[in-house]
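Inside the fold
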Amino acid sequence: MNKKILIVTEYFYPEEFKINEIAVAWKQKGYDVDVLTQNPTYPDGKVFDGYKNRWYYKDKYNDIDVFRVKAVSGYKESLFKKLLKYFAFMIVGSVVSLKIGKKYDYIFAFDVGALTGMVPAVLLQKFYKKPVTLWIQDIWPDSVYAYGFKKTKFLESVLNTSVRFVYRNTSNFAISGEGFRDKVIPYLNAKKEIVYAPNWADELDETYEPFSFSQDEKIHFTFAGNIGKVQNLDNVIKAFGKIDATLCQKAQLNIIGDGSYLETLKQLVEQEKISNVVFWGRKPRKEMQRYFQASDFLIVSLIDKPIFSLTVPAKVQTYIAAKKPIIAILEGDAAKIVEENHLGFSVKPNDLDAIKSVFEKSITLSEDKRKTFMRNSQKLSETVFNKEKIIDKLLALTVGDRK
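Residues numbered from 1 in each chain as written. Predicted model: local features only at pLDDT ≥ 70, side-chain atom pairs only at ≥ 80, totals over all residues. Heavy atoms only, no water.

**Quick notes on helix H12 (residues 314-322)**
Within H12, eight of the nine residues are buried, which leaves the element mostly enclosed by the surrounding structure. Where H12 is concerned, the buried positions are Lys-315, Val-316, Gln-317, Thr-318, Tyr-319, Ile-320, Ala-321 and Ala-322. On its buried side, H12 packs onto strand S9 (219-224), helix H10 (288-293), strand S12 (297-301), strand S13 (326-329), helix H13 (333-340) and helix H15 (367-382). Phi turns positive, to about 60°, at Lys-323, one or two residues after H12. (Buried < 20%, exposed > 50% of the residue type's maximum accessible area, 1.4 Å probe, protein only. Helix = DSSP H or I, 4+ residues; strand = E, 2+ residues; numbered from the N terminus. Contact = heavy atoms within 4.5 Å.)

Structure below.
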């Protein structure tokens, strides 16, 4: 009889997260895999077409049973609704997990959002003694403060209690960044296995024809992804605007994506009269290789906050898969990956002159040096960030020797 795994995640297909591929891969390896999740609403805050936002029902995806619960919509522009969304899944998801959870052998929790979403998973260890593996993509309480919540004694107490409860009722951990390890250990009351399992490089569709960013030949710098305040794009744009005028004519900064800070950045470009900065809007994920192929350098950037020095944005692995030189405008683990593997350049996020210098250095960089960066990315995609190896590592951690 096949062993049963329940995956607990706030996000699942048709939302685009790596947990979708994990579920399918484990199913193909012979495990009975079910998923407990919400109705899909990310990233627009609206329930996807074809889905009814009922309190609870069973869905199917690639022969996997998907148990869906009601999601709070309209949260994109409302902090209250966003918080309500997190607590709704914690409460309704917990009711459902306790109802269905006894039959599973292993629980795998995908911690990509608020830690409240992991409560439905850890309750199955608390009440039914089920082994729970938590794959951590974000660190609480640090990320809460990083997004602007004031650190009061009351909030600190609530968050620390919540983190302690979740971590102490987890059997073992996978961490997407090495820096997370020291953040997890203080909340534990016993020694537990913590394994480094980074996000893998996305598979990019190379059948698309490259996009054309400009009619004339330029060095194209591209940022792709969510456009929020934490992405530090105001400093990126300001530094690009400081480039030597002759060099600036040879370069273009392309910003692909959407988000809460987009209009502010457009106003910055207009007010500062910065030339050769183009906003392309949001593009379908499956077509992103077109834009990567047309780029000479890919940019990853985050503001200078301690939590972000521990975070490796998923776009880093995507850029590695695209096999293009990377400019890392941030501190910490992501910068180390770029530096130590010779994938491009890294620079401190608040040093505008240093960012400007990296832009100028990149514009005049030799073709041979660029190709070296690209070869190093290829090597890393096949080893450290290989999808099959990471999925197998997560499975081994989840089932251990308890088969």
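Still to come is the rest of the account.
**Focus on the pattern of salt bridges**
Here the structure, examined in full by the defined rule, presents 18 salt bridges. Across the pair Asp-32 and Lys-4 runs a salt bridge whose closest N-O atoms are separated by 3.6 Å. Highlighted residues: Asp-32 in strand S2 (residues 32-38) and Lys-4 in strand S1 (residues 4-9), separated in sequence by 28 residues. According to the relative accessible area criterion, Lys-4 is partly exposed, its value standing at 22%. Between Lys-58 and Asp-65 there is a salt bridge whose closest N-O contact spans 3.9 Å. Relative accessible area serves as the criterion here: at 53%, Lys-58 is assigned to the exposed category. The class for Asp-65 is buried, based on a relative accessible area of 16%. Counted as one network, the salt bridges with shared partners bring together Lys-58, Lys-60, Asp-63 and Asp-65. (Salt bridge = Lys/Arg side-chain N within 4 Å of Asp/Glu carboxyl O.)

**Structural notes on the packing of helix H3 (residues 119-128) against helix H5 (residues 153-168)**
Closest axis-to-axis distance for the H3/H5 pair is 9 Å, and the angle between their directions is 55°. Compared by their axis directions, H3 and H5 come out oblique. Judged by the sense of rotation from one axis to the other, the crossing of H3 with H5 is left-handed. From H3, Val-119, Val-122, Leu-123, Gln-125 and Lys-126 reach across to H5, where they touch Phe-165, Val-166 and Arg-168. Of the residues assigned to the contact of H3 with H5, the class counts are five nonpolar, one polar and two charged. (Axes fitted to C-alpha atoms, helices over the stretch in contact; angles between N-to-C directions. Parallel < 35°, antiparallel > 145°, perpendicular 65-115°, else oblique. Left-handed = near helix turned anticlockwise from the far one by under 90°. Nonpolar A, V, L, I, M, F, W, Y, C, P; charged D, E, K, R; others polar.)

**Side note on the side chain of Thr-37**
Position of Thr-37 relative to the elements: it lies in strand S2. Given the relative accessible area of 0%, Thr-37 is considered buried. Side-chain polar atoms of Thr-37 contact the backbone oxygen of Thr-9, separated by 2.8 Å. Setting aside residues no more than four positions away along its own chain, Thr-37 makes contact with Thr-9, Glu-10, Tyr-11, Phe-12, Val-66, Phe-67, Arg-68, Val-69 and Phe-89. (Polar contact = N/O pair within 3.5 Å; in protein donor to acceptor, adjacent residues only side chain to side chain.)

**Points about H15**
Compared with an ideal rise of 1.5 Å per residue, which puts 16 residues at 22 Å, H15 spans 23 Å between its outermost C-alpha atoms and is within 8% of the ideal. Here H15 has its buried residues at Arg-370, Phe-373, Asn-376, Ser-377, Leu-380 and Ser-381. Buried residues of H15, viewed axially, fall in a sector of 140°; they line one side. Exposed residues pointing more than 90 degrees away from the buried face of H15 are listed as Asp-368, Arg-375 and Lys-379. Contact partners of the buried residues in H15: S9, S12, H12, H13 and strand S14 (344-347). (Expected span 1.5 Å × (residues − 1). Arc of directions from axis to C-beta.)

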